[in-house]
Each structure stands twice: as structure tokens, then as C-alpha cells.
Amino acid sequence: PRPLDAAQRALVKSLKLKVRVIAAQLQVAPQVLVPSKDYELLIREAAGEPVEQPVHWSGWRNNTVLMPLRESLAGDRS
């Protein structure tokens with residue numbers, strides 16, 4: 001896939017901030033919730049690109065972390 005553009009890289013930074021807040025609430029390290037490579041997957045998914053979702057996106061991570069991030073990305077496109 002092509003590299004992320006400047007706007008997409010800014011979105012990655014925004015997502016990382018949101019994950020740090022969630023991680024602080026849960027008292028865990030942010031990288032436990034979302035591995036670095038997953039931010040790009042979320043950005044590409046929000047852009048409508050086909051993305052194979054990692055197995056660890058299911059279960060509690062989906063509701064606690066990924067859904068809020070996806071909602072944030074959907075709001076950023078509006």
C-alpha cells in the first residue's frame with residue numbers, strides 16, 4: 001500500500017492520544033491496547049480500503065478501544 005499522507009499521519013497522532021487516555025483509565029500501557037502497526041490499518045479502514053482485521057481486534061478490545069477510535073475517525077470525516 002502507498003504511504004500515509006500528511007493528513008493521515010496527523011490522524012495517527014490523534015488516535016495515539018486517544019489510546020493513551022484509554023490506557024491511563026485502564027492502567028495499562030498503550031501498546032498493549034493497540035500495536036503501532038494497527039493505527040495505519042484503522043486509518044486505511046476508515047478511508048474505505050480493504051483491510052484484513054487482526055484477530056486481536058475482536059473481544060474486549062473491540063468495544064473498549066477500537067469502537068471509540070472508529071467513531072472518532074468517522075467524526076473526523078464529517
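In this text, all values refer to a predicted model and were calculated from it rather than measured experimentally. (Residues numbered from 1 in each chain as written. Predicted model: local features only at pLDDT ≥ 70, side-chain atom pairs only at ≥ 80, totals over all residues. Heavy atoms only, no water.)

K.L.:
Got a sec to walk through the side chain of glutamine 8? Specific residues and values, please.
P.N.:
Mapping glutamine 8 onto the fold places it in helix 1 (residues 6-26). Among the residues examined, glutamine 8 registers a relative accessible area of 9% and is labelled buried. Glutamine 8 has contacts with Arg2, Pro3 and Ile43, leaving out every residue within four places of it along the chain. (Helix = DSSP H or I, 4+ residues; strand = E, 2+ residues; numbered from the N terminus. Buried < 20%, exposed > 50% of the residue type's maximum accessible area, 1.4 Å probe, protein only. Contact = heavy atoms within 4.5 Å.)

K.L.:
Requested: an account of the packing of helix 1 against helix 3 (residues 36-46), with residues and values cited.
P.N.:
Taken N-terminus to C-terminus, the directions of helix 1 and helix 3 make an angle of 120 degrees; their axes are 10 Å apart at the nearest point. The orientation of helix 1 with respect to helix 3, classified from their angle, is oblique. Note that helix 1 runs across helix 3; the crossing there is right-handed. Counted together, Gln8, Leu11, Val12, Leu15, Lys16 and Val19 of helix 1 and Tyr39, Leu42 and Ile43 of helix 3 form the full contact between these two elements. Grouping the constituent residues of the contact of helix 1 with helix 3 by class yields 7 nonpolar, 1 polar and 1 charged. (Axes fitted to C-alpha atoms, helices over the stretch in contact; angles between N-to-C directions. Parallel < 35°, antiparallel > 145°, perpendicular 65-115°, else oblique. Left-handed = near helix turned anticlockwise from the far one by under 90°. Nonpolar A, V, L, I, M, F, W, Y, C, P; charged D, E, K, R; others polar.)

K.L.:
Break down the environment of serine 36 for me, with residues and values.
P.N.:
Relative to the elements of secondary structure, serine 36 occurs in helix 3. With 25 residues separating them in the primary sequence, serine 36 and leucine 11 have C-alpha atoms 13 Å apart.

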